[in-house]
There are 2 protein chains.
Amino acid sequence: MKLEIHLGSASYPITVERGNLSQAGNLLNLNRKVLVVTDQGVPGSYVKRFAAQCGQPVVQVLPQGEGEKTMEQVTVLCRLMLEQGFSRRDCVAAIGGGMCGDLAGFAAACYMRGIDFYNLPTTLLSQVDSSIGGKTGVNLDGVKNIVGAFWQPKGVIVDPDTLSTLPRRLWAEGMAEAVKMALTSDAGLFEQLERGELEDRPEELIFRALSIKKAVVEQDERESGPRRLLNFGHTIGHGVESAAGGGLFHGECVAIGMLPMCSSQVRSRLAALLEKWGLPTRCNLPKDAVWQAMIHDKKASASGFAAVFVDQPGAGYVKQISHGEMRAILDGGWPN
Amino acid sequence: MKLEIHLGSASYPITVERGNLSQAGNLLNLNRKVLVVTDQGVPGSYVKRFAAQCGQPVVQVLPQGEGEKTMEQVTVLCRLMLEQGFSRRDCVAAIGGGMCGDLAGFAAACYMRGIDFYNLPTTLLSQVDSSIGGKTGVNLDGVKNIVGAFWQPKGVIVDPDTLSTLPRRLWAEGMAEAVKMALTSDAGLFEQLERGELEDRPEELIFRALSIKKAVVEQDERESGPRRLLNFGHTIGHGVESAAGGGLFHGECVAIGMLPMCSSQVRSRLAALLEKWGLPTRCNLPKDAVWQAMIHDKKASASGFAAVFVDQPGAGYVKQISHGEMRAILDGGWPN
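Residues numbered from 1 in each chain as written. Chains lettered and ligands numbered in written order. Predicted model: local features only at pLDDT ≥ 70, side-chain atom pairs only at ≥ 80, totals over all residues. Heavy atoms only, no water.

J.: Looking at this model, I keep getting lost on the interface of chain B and chain A. Mind explaining?
T.: Interface size is commonly expressed as the accessible surface area that is lost when the partners come together. Between chain B and chain A, the contact holds 33 residues from the first and 35 residues from the second. Summed over both sides, the interface between chain B and chain A buries roughly 3200 Å², with carbon and sulfur atoms accounting for 58% of that surface. In this structure, A:D141 and B:R79 form a salt bridge, with 2.6 Å as the shortest nitrogen-oxygen distance. Put simply, chain B and chain A have 8 residue pairs in polar contact (both at pLDDT 80 or more) between them. Elements that contribute at least two residues to the side of chain B that touches chain A include exactly α3 (71–83), α4 (98–110), β7 (135–140) and β8 (143–150) of chain B. Broken down by element, the side of chain B that touches chain A gets its largest block of residues, 7 residues, from β8(B). The residue inventory of the side of chain B that touches chain A, partitioned by class, reads 17 nonpolar, 7 polar and 9 charged. (Contact = heavy atoms within 4.5 Å. Buried area = accessible area lost by both parts, 1.4 Å probe. Salt bridge = Lys/Arg side-chain N within 4 Å of Asp/Glu carboxyl O. Polar contact = N/O pair within 3.5 Å; in protein donor to acceptor, adjacent residues only side chain to side chain. Helix = DSSP H or I, 4+ residues; strand = E, 2+ residues; numbered from the N terminus. Nonpolar A, V, L, I, M, F, W, Y, C, P; charged D, E, K, R; others polar.)

Written out as structure tokens, the structure is:
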């Protein structure tokens, strides 16, 4: 299955197909220098299979974890390209989860003011979400993705077969992002997820989730309007993630962050789904710590938050609310 | 005098007017948080005058010199904005030479994936050249501008009165870039410069030079074609600059780099002009050191260089040449 993303600044294909990691050389222009960015959590066999299809691969294996998404690592990647004589005609490819894509994508955006970038997401979370939309970036002083660029990939390859080696906890956090898409935009998909229909058909699940995101991103590449819908669960979620300091995965934080933004009816259906997948529905972090991180988030402003609510499945909406209103939602979100 | 730059991705005004630094509050949207980036070489009175027109100014004075154009300084600027609670609706303004603009512009491009940037160049070099075109960036391991972004300012204010405090050597390096524009694109301007007509009319000189650059940049925002013409003198010039390790100013290196690319007739006229302004027409750096820097430049490629030649004033052209041809030009450029 193939999706073509059409943006003002660029267009690119996303191919979703079991086994297509072995087709990368046919699908992408790899007959040049390719900086292959991956991390220690990605099976070496995937990296080898991909690198074997590159003309001149330079493989960089990063330590694992969100803590590595730093300006220092961007400098390391740029320095490596410089040492290896990368020109404007060469490219960067990420193979791994969102951390690899965010970091490698930002390095591609900056090196020589921008070279080609390919993304080969291997986790469910990155396959349904960060592989599309062109957001790249790194963290600074514990604030997520505060430094970065919008830089669209030249092509994305999603191979659902890579999910066979994905630990259960990483699979579940991907489901959290998938249910986010469903709740804001696709009631039918939400009901299918409740019936457990797509859990053994990841290809279809990924394609459906990406189709939702494609429609939103194409309307609003730089997140000035409709794209804010995709921020559902992320306002509180990012606060939880910062306050947890690495103790919780991104999708787990989104799971916690979605619940307080739902009507009570949707909330109980969502909670049941999250629990089935082993996702958290609350946490014991101090609310004040979560709040401090929330007001420093790049989507916050002096006047408040563009908050995303879901009263009915498939019908998310954005509403500007004050700091006081947001704080009340957070305080009522879960017992501390 | 006002120029409006029209690009696919953005449009912005450049105002060239004596004393307009005092009009910044009327010309730009400064009623918000403004990170004012300047350096120790810029008269404090300019910075104060500008900051007084900002709603919430945060002034950062950088150490002087190209050596400060680093990823570490970008991180410092982003961290400062984070600490001061800058949101996506706030902005960055550079007041100073090209170093301030390149660094501050890149920080603006990256912070929260891009916020508004204003440029207030106070040197002749930055007024005729780097204030327009949207190139931002920093150096890495001695290679100039190797990491950066294309990020267009929202507005540019050029106040020629700031040139009254400019040291003679900095004035001369600005003239080198102005004569570059004239030689590639405007024979009339070159002749006026030879007759010394515009030296006491900086406003007109700046406007003429910017008009040339505007026409080129509007055709080719990302330097894939016609914009390469503006690279005249920069292929060898960048090599000289890297090899000199800070001993020569950018415009001085461009002066040296232009001469070997001219026909013998143009060369002698250009040399006379450069000498009149006290600019160097040769240097005693080892050719091998210059060459090593040239082949690592981001405009070089495995197949050679897009070199810019001027056989007649006003009629520059780009020609793809091999490494061997370029090396021969360098070797014949000046006696070592």
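J.: Would you take a moment to explain the sheet that holds strand β2 (residues 11–16) of chain A for this structure?
T.: Two strands in a sheet stick together by hydrogen bonds in their backbones, pointing the same way (parallel) or opposite ways (antiparallel). All names here are of chain A. Taken in spatial order, the 7 strands make up an open sheet running β1-β2-β9-β6-β5-β3-β4, and their pairing is mixed. Looking at the sheet topology across the chains shown, the edges are occupied by β1 (2–6) and β4 (56–62). Here the strands of the sheet are splayed against their neighbours by 15 degrees on average, with no regard to which way each runs. One ladder, built from 2 bridges, connects strand β6 (residues 116–121) with strand β9 (residues 155–158); its direction is parallel. Within β9, the position partnered with Y118 by the bridge is G155. In the packing of helix α8 (residues 202–219) onto the sheet, the strands contacted are β1, β2 and β9, and the crossing angle to β1 comes to about 15 degrees. (Pairing = 2+ DSSP bridges. Axes fitted to C-alpha atoms, helices over the stretch in contact; angles between N-to-C directions.)

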